[in-house]
Amino acid sequence: MLTNLLKTTASISEALNTINDSDNKICLVTEPDGRLARVVTDGDIRRALIDGATTEDAISVLPPTDPVTCGVKAGEADILSLMISNDINIVVVVNEANHPVSLVSRSMLEPNVLLSPPHMGERERIYVGNAFEENWVAPAGPHLAKFEHELEKVTGLEAALAVSSGTAALHLAMRVLNVKAGDRVYVSDLTFAASAQPILYENAVPVLIDSEPGTWNMSPEALARKLEKDKTLGVLPAAIIVVHIYGQCANMERICELADFYGIPIVEDAAESLGATYRNSSSGAHGTLAAFSFNGNKIITTGGGGALVSNNRELIELARYLSTQGRDAALHYQHEKVAYNYRMSNILAGIGRGQLALLGERVEARRHIFDRYRNGLKDIPGIRFQENSPNSQGNRWLTVVDLDPDEFGLHPYQVIKKLGQHGIECRPAWKPMHLQPLFRRYEIEFHSEHEYIAGEHFLRSLCLPSGSSMTEDAQDRIIGQLRKTLKRLA
Ligand SMILES: Cc1ncc(COP(=O)(O)O)c(C=O)c1O
């Protein structure tokens, strides 16, 4: 039953109240005999008030508009094309006498497109079912051992440890590298807080390194400058956490050269970059240790989970010990170190095995999505895409666009809001650590004296839906809506 009906004699103030109370934020105005006269939106009222109307005036003072309607027998495709051609989100359904009977909103016809939802295959259920059948509903088990082995094969790394999250993997990396209270640890400024939180877990001191233009990953220039200064001061870091942001590899050649020169271990935060390659080897294979995430939004998922990987088996064995409460090799329960319950469960490892077998396909799908965005938006001046570092191929976990403020004169939030109204979920870029209340008291080394790349990126960029299960139709809808929105807001 419609609750947002008003008569033509109602006042603007009554219309405002009706709009406020309605789910669809419109009110339907009917003639005394019940026929639909018009639709009123808050935009109609705002424009009339600007032109001198008052809230006590009758709605009849509003400039007339023709309501977009359809008959009760209209099909979904026809209603959707009415919405698209009129650029509206609601159509009023009327009966033969032109009396309004219901409303159809766009969200009822077009499914929401999420940023990066999980994409399950066939095998995950089989592996999980199998764990139930064999009663391996336990924190360890055959799937866990096999998942780790398969991860070693896929990444070409010597050793893998599956844990409860990417953050846990990064924390274990701090522990096995013996990062102590007061030690300095460099970390990419442009990242999700999980890259830097484990530094604080150990009461160590984060030092933030800005991004370079183009790849938006850790700036080798800023890193070189900071290392040189800290060497002079005698305060070199205990580790460098390099993030491969949005799945694109950092410039590891230059970063590794610097780290080697100063003898500092690198931890790759490859949470977003599983499946990306750098110099033909897996992302995560270039530092001392690397962390992957299998969170629900990642390129493959276990629902929640992560892994620590390395070519140094000893470090992984130490992490394994710390991930299972640091239990010493004794029949009785004996512990001598502070440790954690960070192990992945056998059930989740079953999901991980199914997902890992699909990694190649998922990477291809995300790269294809990126190519379609780039082609669909390439003629719009002022849009830029994240670049690959030399000799690398990112997994394009998320396609992120940088909107030149001189071309568009808008904040990405305006676009996020507009696309959200059409059921399209976009997100802002990561808010850099130096702008976070938790991290702003720590040192930051900017790319150059006049360039603050991570901060600019945050103000200009927007993450587009990039899930590997997204259909081409859904992506065309996003591209179309984005083009329209940018044109209108420019
Ligand atoms: C760059 C980065 N680092 C670390 C993490 C932490 O991973 P998790 O959520 O599995 O703890 C994430 C994702 O959530 C991430 O995007």
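Please read all numbers here as calculations on a predicted model, not as lab measurements.

Colleague: An account of the overall build of the chain is requested, with residue identities and associated values reported.
Modeller: A tally of helices and strands in the chain yields 17 helices and 21 strands. Seen through its principal axes, the chain has C-alpha atoms that stretch 85 × 60 × 40 Å. When contacts within the chain are restricted to residue pairs at least 6 apart in sequence, those whose partners lie at least 24 apart make up 68%. Positive and negative side-chain charges of the chain, numbering 48 and 60 respectively, have mean locations separated by a distance of 2 Å.

Colleague: Go over helix α15 (residues 412-421) with me, naming the residues and quoting the values.
Modeller: Pro 412, Val 415, Ile 416 and Leu 419 are the residues of α15 that are buried. Looking straight down α15, one finds its buried side chains confined to an arc of 100°; they lie on one side. Positive backbone phi, approximately 75°, marks Gly 423, located one or two places after α15.

Colleague: Kindly report on the site of the ligand, identifying the contributing residues and their values.
Modeller: Close to the ligand lie 16 residues; Thr 167, Asp 269, Glu 272, Ser 293 and Lys 298 are nearest. Contacts to the ligand include Ser 293, whose side-chain N or O atom sits 2.7 Å from an oxygen atom. A distance of 3.0 Å is found between an oxygen atom of the ligand and a side-chain nitrogen or oxygen belonging to Lys 298. For the ligand, the accessible surface in isolation is 380 Å², of which the surrounding protein chains cover 93%. Classifying every residue of the shell around the ligand gives 5 nonpolar, 8 polar and 3 charged.

Colleague: Residue-level account of the packing of aromatic side chains, with values.
Modeller: Here the structure, examined in full by the defined rule, presents 8 aromatic pairs. On the numbers, 4.9 Å between centres and 85° between planes, the contact of Phe 261 with Tyr 262 is edge-to-face. Exposure remark for Tyr 262: the relative accessible area of 18% places this residue in the buried category. When the ring of Tyr 340 is compared with that of Tyr 342, the centres are 4.8 Å apart and the planes differ by 10°; the resulting orientation is stacked.

Criteria and cut-off values
Residues numbered from 1 in each chain as written. Predicted model: local features only at pLDDT ≥ 70, side-chain atom pairs only at ≥ 80, totals over all residues. Heavy atoms only, no water. Helix = DSSP H or I, 4+ residues; strand = E, 2+ residues; numbered from the N terminus. Contact = heavy atoms within 4.5 Å. Lys, Arg positive; Asp, Glu negative; His and termini not counted. Charge placed at Lys NZ, Arg CZ, Asp CG, Glu CD. Buried < 20%, exposed > 50% of the residue type's maximum accessible area, 1.4 Å probe, protein only. Arc of directions from axis to C-beta. Near = heavy atom within 4 Å. Polar contact = N/O pair within 3.5 Å; in protein donor to acceptor, adjacent residues only side chain to side chain. Areas by Shrake-Rupley, 256 points an atom, 1.4 Å probe, with all protein chains shown as cover. Nonpolar A, V, L, I, M, F, W, Y, C, P; charged D, E, K, R; others polar. Phe/Tyr/Trp six-rings, centres within 6.5 Å; stacked < 30°, edge-to-face > 60°.

As far as function goes, none of this settles anything; it's purely spatial.
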